[in-house]
Amino acid sequence: MARKKIALIGAGQIGGTLAHLVGLKELGDVILFDIAEGVPQGKGLDIAESAPVDGFDARYTGAQDYSAIQGADVVIVTAGVPRKPGMSRDDLLGINLKVMEAVGNGIKQYAPDAFVICITNPLDAMVWALQKFSGLPPTKIVGMAGVLDSARFRHFIAEKVGVSVKDVQAYTLGGHGDDMVPLVRYSSVGGVPLPDLVKMGWISQADLDAMVERTRKGGGEIVALLKTGSAYYAPAASAISMAESYLKDQRRMLPCAAHLSSQYGVDGLFIGVPVVIGANGVERIVDIEFTGEEKAMFEKSVASVQGLVDACKTINPSLA
Ligand code: A3D
């Protein structure tokens, strides 16, 4: 069986980490694409030289030309600029929208059958624009945010409760902004929902509220610590779990920014909701029924995403 081809558009911090994980997990051969000359070639060679030590087989190719991604099975997009301290994700909109146009055209020409995962921020607007520019079917393109936000929430819960992260489930839905919706009711430790853990006295309501708030601001916490960029290990691991579910037809149910066409009362936006990812891409969108309070939070988050999409249309009227 021929190896799968995984194209990584953007060979920066997340791109390099993705490339390493693809090798370690033997998911396929890697094309690293970046406008920065030498960077994708250098990172590719460096990782290839680690392969004999770790014992994996994968070919690494660095590229500055989109023809290199021809026939890719999966494309993961991180091209663009990340946040610096003091910047919001939305400050990146104008610059990264232009990048999405170039990337979308490249995918349209050379990898129209790929499953595409967008990571570039502001996530929900960039994946929307990338779908428009690439013309991909909405089932073949998703944004990575929910897996990361949920992983952050899971980490905080596991640390607080003192159990393995493996036994903690959590869901964070809505847009990838500070008004994301950590869904406490559907988050659990060993199957016990968090509100029940509060009743049992394992954690206090104040602890839970603090973890929700820390999750919402999780990206900013890392930006403030790093000072020169944003998170990359956990974002890369999260996108790899989505790619793996597609490549291996695992049919995992993961929170992703997916194209909604009436689900959750939303039409034509990409919003973080639970989806099933299998060999056909997004095979199912899970339409959870919200309580009144959750619905209000979700709608606020949707309104922020709508605002960003409207801003994209103003900057580039061809998107309107
Ligand atoms: P960084 O290390 O700067 O890498 C970005 C790479 O993109 C650089 O190597 C650039 O040379 C390259 N690039 C810029 N323009 C182009 C272009 N037109 N074509 C190809 N490559 C280009 O950033 P990073 O890897 O840390 O982050 C990448 C993106 O992910 C940023 O937009 C971040 O804000 C975003 N991000 C999203 C999340 C989510 O959870 C959604 C988390 C963390 C970072």
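Here is what the cut-offs are and how they apply
Residues numbered from 1 in each chain as written. Predicted model: local features only at pLDDT ≥ 70, side-chain atom pairs only at ≥ 80, totals over all residues. Heavy atoms only, no water. UniProt positions renumbered as here; feature names shortened; annotations may be inferred. Near = heavy atom within 4 Å. Polar contact = N/O pair within 3.5 Å; in protein donor to acceptor, adjacent residues only side chain to side chain. Areas by Shrake-Rupley, 256 points an atom, 1.4 Å probe, with all protein chains shown as cover. Helix = DSSP H or I, 4+ residues; strand = E, 2+ residues; numbered from the N terminus. Nonpolar A, V, L, I, M, F, W, Y, C, P; charged D, E, K, R; others polar. Buried < 20%, exposed > 50% of the residue type's maximum accessible area, 1.4 Å probe, protein only.

- In the annotation of an unreviewed UniProt entry, the protein is listed under the name Malate dehydrogenase and assigned to Salinarimonas soli.
- Taken from UniProt, the Sequence similarities (unreviewed entry) comment for the protein reads in full: "Belongs to the LDH/MDH superfamily. MDH type 3 family."

### Re the site of the ligand
Okay, step 1: Among the 26 residues in the neighbourhood of the ligand, the closest are listed as Q13, I14, D34, V81 and I119.
Okay, step 2: Between an oxygen atom of the ligand and a main-chain N or O atom of Q13, the distance comes to 2.8 Å.
Okay, step 3: Here I14 contributes a backbone N or O atom positioned 2.9 Å from an oxygen atom of the ligand.
Okay, step 4: Across the complex, the protein chains shield 87% of the 870 Å² of accessible surface that the ligand would expose by itself.
Okay, step 5: Taken together, the elements giving at least two residues each to the shell around the ligand come down to α1 (13-24) and α3 (93-110).
Okay, step 6: The class makeup of the residues in the shell around the ligand is 16 nonpolar, nine polar and one charged.

### Considering the environment of S164
Okay, step 1: Locating S164 in the fold gives a position in the loop between α5 (146-161) and β7 (168-169).
Okay, step 2: The class for S164 is partly exposed, based on a relative accessible area of 34%.
Okay, step 3: In this structure, the C-alpha to C-alpha distance between S164 and G190, residues 26 residues apart in sequence, is 9.5 Å.
Okay, step 4: At 2.9 Å, the side chain of S164 forms a polar contact with the backbone nitrogen of K166.

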